[in-house]
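# Observations on the model geometry
Here's the letter readout for the chains.
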Amino acid sequence: AQSVTQLDSQVPVFEEAPVELRCNYSSSVSVYLFWYVQYPNQGLQLLLKYLSGSTLVKGINGFEAEFNKSQTSFHLRKPSVHISDTAEYFCAVARSGGYQKVTFGTGTKLQVIP
Amino acid sequence: NAGVTQTPKFQVLKTGQSMTLQCAQDMNHEYMSWYRQDPGMGLRLIHYSVGAGITDQGEVPNGYNVSRSTTEDFPLRLLSAAPSQTSVYFCASSYADRRSAEAFFGQGTRLTVV
């Protein structure tokens, strides 16, 4: 079985400040890792994904994440946030290869303060 | 490009009523799944399908039925609606192998059971 823990349910941050959203996972097998973003009243959209290779992954809208196998973490970062980044962010994990049965974390609401 | 289409967008049901949430995708994805999203609980997998004629239970399957007669469609049936099924429901689809590992989501169905 696999699981995902997002340690912060809400993260307030001032506009143009850096942000880190934390994600830890648990799995007994190799995994794929994802970050999704959900804007109000919308579905989820993929921000970035780690499948293999380089542990630093760059995504859309200036976000990046680093896969740390020893710490079983996949934290999401952005050096300077904008008002438009206000949304809920979900970390997710799937067993590598095979069918995409994805397990989601409980989400982190990022509130960007002007 | 339609992607994943869910209907209806909103629905109010009385306790005990039944209904079907529709989901269709036009990307020829093998894998389709249904999630429910509740505050503070992230997305929880209800049922999933790895191809036409093949379905399986997820984390919270009770009170829901699915079938997959075609690659494109994956309807979710509520047999006898209960207030505990008030939630936002998302359908997702993806390739069932390493090609993409990205799940595409519909816009969601907001269901209220009174």
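Counting its regular elements, chain B contains zero helices and eleven strands. Reading the helices (α) and strands (β) of chain B from amino to carboxyl end gives β-β-β-β-β-β-β-β-β-β-β. In terms of overall dimensions, chain B is globule-like: its C-alpha atoms have a radius of gyration of 13 Å, near the 13 Å expected for 114 residues. Structurally, chain B occupies a C-alpha span of about 40 × 30 × 25 Å along its principal axes. A buried classification covers 51% of the 114 residues belonging to chain B. Expressed as a percentage of contacts within chain B between residues at least 6 apart in sequence, the contacts between residues at least 24 apart total 53%.

The next subject is the layout of surface pockets. In this structure, the largest pocket encloses a volume near 700 Å³. As for the largest pocket, its lining consists of 34 residues, and the residues nearest its centre are Gln38(A), Asn41(A), Glu88(A), Gln37(B) and Arg110(B). Elements represented by at least two residues in the lining of the largest pocket include exactly β10 (87-95) and β12 (108-113) of chain A together with β4 (31-38), β9 (87-94) and β11 (109-113) of chain B. Per-class residue counts for the lining of the largest pocket are eleven nonpolar, 17 polar and six charged.

Once that is clear, we can look at the pairing of β10(A). All names here are of chain A. Extensive coverage of β10 is indicated by the burial of eight of its nine residues. The sheet contact formed by strand β5 (residues 31-38) and β10 spans eight bridges and is antiparallel. In the sheet register, Trp35 faces β10, and the bridge partner there is Cys91. Judged from the three bridges that link them, β10 and β12 form a sheet pairing that is antiparallel.

A word on the interface of chain B and chain A. On the side of chain A, 23 residues touch chain B, which itself brings 25 residues to the contact. For the pair chain B and chain A, the two sides together bury roughly 1,900 Å², of which 55% comes from carbon and sulfur. At the junction of chain B and chain A, the tally comes to zero salt bridges. Linking chain B to chain A there are three residue pairs in polar contact (both at pLDDT 80 or more). Among the elements of the structure, β4, β5 (42-51) and β9 of chain B are those that each provide at least two residues to the side of chain B that touches chain A. The dominant element in the side of chain B that touches chain A, judged by the number of residues it contributes, is β5(B), at five residues. Its residues assigned to classes, the side of chain B that touches chain A shows 13 nonpolar, eight polar and four charged.

Considering all chains together, one arrives at twelve aromatic pairs over all chains under this definition. Between Phe63(A) and Tyr89(A) the ring centres are 5.4 Å apart and the planes differ by 45°, which places this aromatic pair in the tilted class. Separated by 26 residues along the polypeptide, Phe63(A) in the loop between β7 (56-58) and β8 (64-68) and Tyr89(A) in strand β10 bring together distant segments of the chain. With respect to burial, Phe63(A) and Tyr89(A) carry one shared label: buried. Directly above the ring of Phe74(B) sits Arg68(B), whose terminal nitrogen or CZ lies 6.0 Å from the centroid.

About the thresholds
- Along each chain, residues carry numbers from 1 onward, in the same order as the chain's sequence is written.
- Ligands are numbered from 1 and chains lettered from A, in the order in which they are written.
- A pLDDT threshold of at least 70 governs which residues receive local features in this predicted model, and a stricter bar of 80 or more applies before side-chain atom pairs are shown or counted, although totals over entire chains, interfaces and linings include all residues.
- Water and hydrogen atoms play no part in the side-chain values, which are based on all heavy atoms of the structure.
- The helix and strand labels rest on DSSP assignments: H or I over at least four residues marks a helix, E over at least two residues marks a strand, and numbering proceeds from the N terminus.
- Throughout, radius of gyration means the C-alpha value; the globule benchmark is 2.2 Å times the number of residues raised to the power 0.38.
- The buried label applies to any residue whose accessible area, calculated with a 1.4 Å probe on protein chains only, is under 20% of its type's maximum; exposed applies above 50%, and partly exposed to all values in between.
- Residues are treated as being in contact if the distance between any of their heavy atoms lies within 4.5 Å.
- With a 1 Å grid laid over protein atoms only, a set of points is called a cavity when a 1.4 Å probe fits there but cannot get out and a pocket when it is open yet has protein on both sides within 12 Å along at least five of seven lines; lining residues have an atom within 4 Å of a point.
- Grid points are joined across faces, edges and corners, and a volume is the space filled by probe spheres set on the points.
- When residues are grouped by polarity, Ala, Val, Leu, Ile, Met, Phe, Trp, Tyr, Cys and Pro land in nonpolar, Asp, Glu, Lys and Arg in charged, and all others, Gly among them, in polar.
- Note on pairing: two strands pair once DSSP finds at least 2 bridges between them.
- Each of two parts loses accessible area, computed with a 1.4 Å probe, when they are put together; buried area is these two losses added.
- One speaks of a salt bridge when a side-chain nitrogen belonging to Lys or Arg is within 4 Å of a carboxyl oxygen belonging to Asp or Glu.
- Pairs of N or O atoms are called polar contacts if they sit within 3.5 Å, as long as, within protein, a hydrogen donor faces a hydrogen acceptor (for residues adjacent in sequence, only side-chain-to-side-chain pairs).
- Any Phe, Tyr or Trp ring, taking Trp's six-membered ring, that has another such ring centre within 6.5 Å forms a pair; planes under 30 degrees apart are called stacked, those over 60 apart edge-to-face, and the others tilted.
- Put simply, a charge is over a ring when the Lys NZ or the Arg CZ is close to the ring centre, within 6 Å, and near the line of the ring normal, within 35 degrees.

Worth remembering: the numbers are spatial, not functional.
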